[in-house]
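# Chains, contacts and geometry: an overview
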Amino acid sequence: MHLVQHVARRCALLARRAASSPGLRAPCETPGSSQRPAGTKTFSTVEASVKTGAPTRMREKSLTMGTINPQVKAVEYAVRGPIVVKAGDIERRLQQGEKLSFTDVIKANIGDAHAMGQQPITFLRQVVALCCFPELLRSPAFPEDAKQRAQRILQDCGGQSIGSYTASQGLQCIRRDVADYITHRDQGVPSDWNNVYLTTGASDGIMSILKLIVSGRGPSRTGVMIPIPQYPLYSAAISELDAVHINYYLDEDKCWALDIGELQRAYLAAKQQCQPRVLCIINPGNPTGQLQSKKCIEEVLHFAYEENLLVMADEVYQDNVYSADCQFHSFKKVLYEMGPEYFNSVELVSFHSTSKGYTGECGFRGGYMEVLNMDPQVEAQLVKLLSVRLCPPVPGQAAMDVIVNPPKEHEPSYAQFTKEKSSVLDVLAHKAKLTEQFLNSVPGIKCNPVQGAMYAFPQIFIPPRAIQEAQSLSMAPDMLYCLRLLEETGICVVPGSGFGQREGTFHFRMTILPSPEKLQVLLGQLKGFHLRFLEEYSEEEPQTSRASEQPD
């Protein structure tokens, strides 16, 4: 009864409002019980009528290219840039039945191992599956060592479920495992789990540290030293944060070695316009595939010590070492061996990830960073910053735990795990050598040894006439090259201009991740295209350029 009275009073109130406002209709009226002005429509029982006469001026958008954050417009990320968009369009055309000179697109643009056919490591997937669906812990199909790891992770989760949030720094048991892994990797150099932060891939950690350190205006603006060529995450993040790029060039003639004299040149030049605060190193290199020597790392750390720079060591490819005469040296271990004066003072943040190595688990977005010698008050601000994103994905944390805590020799999964890991790394080493040797056999292409990581970054000769055509199209010459390669062969690689390169040189980055069979096909098609490209743009036989063939 009270409900009926309430509805009646509500209807009476709305009726009085409708009488004073012709555009409204009381909800108790039937559609024909009141007169509406001509040329109006009613969309619901309580909505105002909308006039359908002459159109009024369109409301302006709040977000336009003139009102969005200008730093977002400055961001460029070549690995997923125009070439990849074009590759997606071609893929859709092929799927719709369009006949082209090739039957599929080979995406050699990004280090996505599983997308290129690499099989998952069984033990890792078993542990993550058990964490995601604990009922499987009762299944005899899963080995006991996988169950033990999953149970330990679940016991550290709220409600014993990986669907719960964790601490912003990640699960404590996994952070402890990371610290143990680092200590073992560095042959006894101590690691404190309190300095370990689990991240959403290495990218999340890198971005967080850059956010923390970028400050100032004008000459006091933070400058970030990055290698050229570099992974575009760094240049994109620096642009987004409106920091200052400080480019130092790797020496291509010395297998992309880092020269301390070049570091000093870049630093002194930048001091005129900003305050250099950060030195970024990628080792093993991306896109260049080199490993820095221990002597080089010592020189870099001494330079950082002298100039009071925070060092960011991107070491996500530390398991990807292929050359027999090369060895991965962690920045932390080298810093420790330089003595207490260095080890207790140089601010160092090192990064690792589930996405690379032998697992290639890009989609889990797992990673960690270890932070050394950061001021305690600043580190509290870092924790606050990380808390804004709540926590890294917990399945990714679990995947990271398997990488740092793999099966031991006495455990049931050890033999299969070791076999699978060795198989992945052996095949990658074979493909690294194959790629280097094949590219160096092609006239007009020069490729340094692929000592590590997952990429080749060959230098390519582009004839002057092709350079002129690219300039007429307002396009980098190696972008023209890569677009033509994609359009004519279906091979998707990334132009070197997206990573940075010395003026007058041209490159492209390609992954070595396709299967050996597909890689052979890719390299053969690349060779054929490159020779045709050189012939088309040769000075001896002038041809009408593609640009002039375009209709007016």
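Anyway, here's the lowdown on the structure attached to this text.

Quick notes on the rules
Residues numbered from 1 in each chain as written. Predicted model: local features only at pLDDT ≥ 70, side-chain atom pairs only at ≥ 80, totals over all residues. Heavy atoms only, no water. Phe/Tyr/Trp six-rings, centres within 6.5 Å; stacked < 30°, edge-to-face > 60°. Lys NZ or Arg CZ within 6 Å of the ring centre and 35° of its normal. Helix = DSSP H or I, 4+ residues; strand = E, 2+ residues; numbered from the N terminus. Expected span 1.5 Å × (residues − 1). Buried < 20%, exposed > 50% of the residue type's maximum accessible area, 1.4 Å probe, protein only. Contact = heavy atoms within 4.5 Å. Pairing = 2+ DSSP bridges. Arc of directions from axis to C-beta. Salt bridge = Lys/Arg side-chain N within 4 Å of Asp/Glu carboxyl O. Axes fitted to C-alpha atoms, helices over the stretch in contact; angles between N-to-C directions.

Turning next to the packing of aromatic side chains. Ring pairs (aromatic) are described by centroid distance and by the angle formed between their planes. By the definition in use, this model includes 13 aromatic pairs. Taken together, the ring pairs connect Y481, F508, F529, F533 and Y537 into an aromatic cluster. Residue placement shows R509 over the ring face of Y455; its charged tip is 3.9 Å from the ring centre.

Bringing helix α5 (residues 144-155) into the picture now. With 12 residues, α5 extends 16 Å between its outermost C-alpha atoms, agreeing within 8% with the 16 Å of an ideal straight helix rising 1.5 Å per residue. Considered for burial, the residues of α5 that qualify are D145, A146, K147, R149, A150, I153 and L154. Looking at the buried positions of α5, the neighbouring elements they touch are α4 (122-132), α6 (172-185), α14 (394-404) and α15 (414-440).

Next up on the list: the sheet that holds strand β15 (residues 494-495). Each strand in a sheet pairs with another by means of backbone hydrogen bonds, the pair being arranged parallel or else antiparallel. If you trace the 3 strands from one edge of the open sheet to the other, you get β12-β16-β15, paired in antiparallel fashion. Across the chains shown, the open sheet's two edge strands, defined by having one partner strand only, are β12 (455-456) and β15. Sheet topology note: the β15/strand β16 (residues 508-511) ladder contains 2 bridges and is antiparallel. Opposite P495, over in β16, you have F508 as the bridge partner.

Another point: helix α10 (residues 294-307). For α10, spanning 14 residues, the distance from its first C-alpha to its last is 20 Å, which sits close to the expected 20 Å at 1.5 Å a residue. Of all the residues in α10, the buried ones are C296, I297, V300, L301, F303 and A304. An end-on view of α10 places all buried positions within 155° of arc, on one side of the element. Packed against the buried residues of α10 are β5 (222-228), α9 (260-270), β7 (275-282), β8 (310-314) and α11 (331-337). Following α10 by one or two positions, N308 adopts a phi angle in the positive range, close to 60°.

Attention shifts here to the pattern of salt bridges. Under the defined criterion, the tally for this structure stands at 20 salt bridges. A salt bridge links E361 to R125; the nearest nitrogen and oxygen atoms lie 2.9 Å apart. Remark: R125 occurs in helix α4 and E361 occurs in the loop between β9 (348-353) and β10 (367-372); sequence separation between them is 236 residues. The closest approach of N and O atoms between E370 and K332, which form a salt bridge, is 2.8 Å. Remark: K332 occurs in helix α11 and E370 occurs in strand β10; sequence separation between them is 38 residues. Judged by its relative accessible area of 1%, E370 is buried. On the basis of relative accessible area, K332 is assigned to the buried category, the value being 2%. Linked by salt bridges that have partners in common, R484, E488, R532 and E536 make up one network.

A word on the environment of R502. One can find R502 in the loop between β15 and β16. On the accessibility criterion, R502 (44% relative accessible area) is partly exposed. Through-space distance from the C-alpha of R502 to that of D251 is 9.8 Å; in sequence the pair is 251 residues apart. Excluding residues within four positions of it along the chain, R502 makes contact with Y249 and E262.

What follows concerns the sheet that holds strand β4 (residues 196-199). The strand order β4-β10-β9-β8-β7-β5-β6 describes an open sheet built from 7 strands, whose pairing is mixed. The strands lining the two open edges of the sheet, one partner per strand, are β4 and β6 (244-249). Going from strand to strand, the sheet's axes swing by 25° on average, the running direction of each strand aside. Here β8 runs beside β9; their pairing, made up of 4 bridges, is parallel. Within the sheet, the bridge partner assigned to A313 lies in β9 and is S350. Here helix α7 (residues 201-213) sits on the sheet and contacts β4, β5, β7, β8, β9 and β10; the angle it forms with β9, its principal contact strand, is near 155°. Relative to the sheet, α9 contacts β5, β6 and β7, its axis offset from that of β6 by approximately 155°.

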